[in-house]
Amino acid sequence: MKKRMKNRKRDKKYAVLPLAVLLLLWGCGGTEPEKRAFPLAVSVDAEGDDFLVTYAMADLPLMTGQGKDPGGSGEEQDTGSRFRGQDFQEIRQKYRDSQEYLLDLGHVKALILGDSLLENREKREELFREIEKSPVLGKNLYLFRAAKPEQIMAQNGKEKDSVGEFLAGFYENQKDGERRTPVTLEDFFYQWSNRGEIPRLPVLECEDGQIFLRESGA
């Protein structure tokens, strides 16, 4: 009995190791929240041979209440960052070279895919493979598509305090009789992996600073 109990303790100990290793690999282990940047929405599009990736960051001083007092000492964070690169390794390097905060993708609520990306088979499949390798992106984040994702992302911290929270609200703040059906990351990869198809995604449009959710596109 004692031997079995020791083995169970050993199993639990080693079961924690993969998560700890992943956190260290992605740079989040042991880093204080105020030294991280938390995108709540991410958009990915393609232009020529390049990816265009935009992060709509959470405004931590606003979220924690530190930004409400003009005399407060809350540190201000950049609520939007856009990067161009031929692959995601280049984009990650450009982020590290230009930003002081550690990128933490564990709180992303919405992923917006540009029409140009979805029409480029090579680029979109490269993105899908990149997402499949991510240990931190949540399977329940919501997917959208847009002809011009940059217009949606530009509203972060302007017309909308948080684009990510706003987009999640399309599904999370509904009345029972008016429920929309989202496409989550889990839904997306189930259809792509098992049927080789891209599901119809809800379409976002931006007019005069307002974001609208349209019918799903092909």
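### A few points about the overall build of the protein
Each helix and strand in the protein was counted, giving 8 helices and 9 strands. When the 218 residues of the protein are sorted by exposure, 41% land in the buried category. At a minimum sequence separation of 6, the contacts of the protein that also span at least 24 residues come to 69%. Approximately 13400 Å² of the protein is accessible, and the part contributed by carbon and sulfur atoms is 47%.

### Remarks on the pattern of salt bridges
Counted by the stated rule, this structure contains 10 salt bridges. For Glu47, the salt bridge identified is with Arg84, shortest N-O distance 2.6 Å. Residue Glu47 is located in strand E2 (residues 39-47), and its partner Arg84 is located in strand E4 (residues 80-85); the two are separated by 37 residues in the primary sequence. Glu47 gets classed as partly exposed once you look at its relative accessible area, which sits at 43%. Of the charged contacts, one joins Glu205 and Arg214 as a salt bridge, the two residues approaching to 3.1 Å between their closest N and O atoms. We classify Arg214 as partly exposed; its relative accessible area is 35%. When salt bridges that share partners are traced, they join Glu47, Asp50 and Arg84 into one network.

### Side note on the packing of helix H5 (residues 121-133) against helix H8 (residues 185-195)
Between two packed helices, what matters for the description is the angle formed by their axes and the separation of those axes. Between H5 and H8, the least distance of the axes is 12 Å, while the angle of their chain directions is 120 degrees. On the basis of their axis angle, the class for H5 and H8 is oblique. The handedness of the crossing between H5 and H8 comes out as left-handed. Where H5 approaches H8, its residues Glu125, Phe128, Ile131 and Glu132 are matched on the opposing element by Leu185, Phe188, Phe189, Trp192 and Ser193. The class makeup of the residues in the contact of H5 with H8 is 6 nonpolar, 1 polar and 2 charged.

### Considerations on the environment of Gln151
Inspection of the secondary structure puts Gln151 in helix H6 (residues 149-153). Residue Gln151 is classed as partly exposed on the basis of its relative accessible area of 33%.

### So, the nonpolar core
In this structure, Val44, Tyr55, Leu113, Leu127 and Leu143 are the most contacted members of the largest nonpolar core, which totals 31 residues. Residue assignment for this core shows that the elements contributing at least two residues are E2, strand E3 (50-57), helix H3 (88-98), strand E6 (110-114), helix H4 (115-118), H5 and H8. Those residues in contact with Leu127 that sit more than four places away from it in its chain are Val44, Phe51, Phe88, Leu113 and Leu117. Ranked by size, the runner-up nonpolar core spans 18 residues in total, among them Ala56, Ala110, Phe144 and Ala168.

### Details of the confidence of the model for the protein
On average, residues of the protein score 80 in pLDDT, and 74% of them reach the 70 mark or higher. Predicted confidence for residues 67-77 stays below pLDDT 50, and this span has 16 contacts to residues more than four positions away or in other chains.

### Overview of helix H7 (residues 163-172)
In terms of residue burial, H7 counts as a mostly covered element, since 7 of its 10 residues are buried. Listing the buried residues of H7 in full gives Val163, Gly164, Leu167, Ala168, Gly169, Phe170 and Tyr171.

### A look at the side chain of Ser134
You can see Ser134 is positioned in the loop between H5 and strand E7 (142-146). The exposure class of Ser134 is buried, given its relative accessible area of 14%.

The rules we used
Residues numbered from 1 in each chain as written. Predicted model: local features only at pLDDT ≥ 70, side-chain atom pairs only at ≥ 80, totals over all residues. Heavy atoms only, no water. Helix = DSSP H or I, 4+ residues; strand = E, 2+ residues; numbered from the N terminus. Buried < 20%, exposed > 50% of the residue type's maximum accessible area, 1.4 Å probe, protein only. Contact = heavy atoms within 4.5 Å. Areas by Shrake-Rupley, 256 points an atom, 1.4 Å probe, with all protein chains shown as cover. Salt bridge = Lys/Arg side-chain N within 4 Å of Asp/Glu carboxyl O. Axes fitted to C-alpha atoms, helices over the stretch in contact; angles between N-to-C directions. Parallel < 35°, antiparallel > 145°, perpendicular 65-115°, else oblique. Left-handed = near helix turned anticlockwise from the far one by under 90°. Nonpolar A, V, L, I, M, F, W, Y, C, P; charged D, E, K, R; others polar. Core = buried A, V, L, I, M, F, W, Y, C linked by side-chain atoms within 4.5 Å. pLDDT = per-residue confidence, 0-100.

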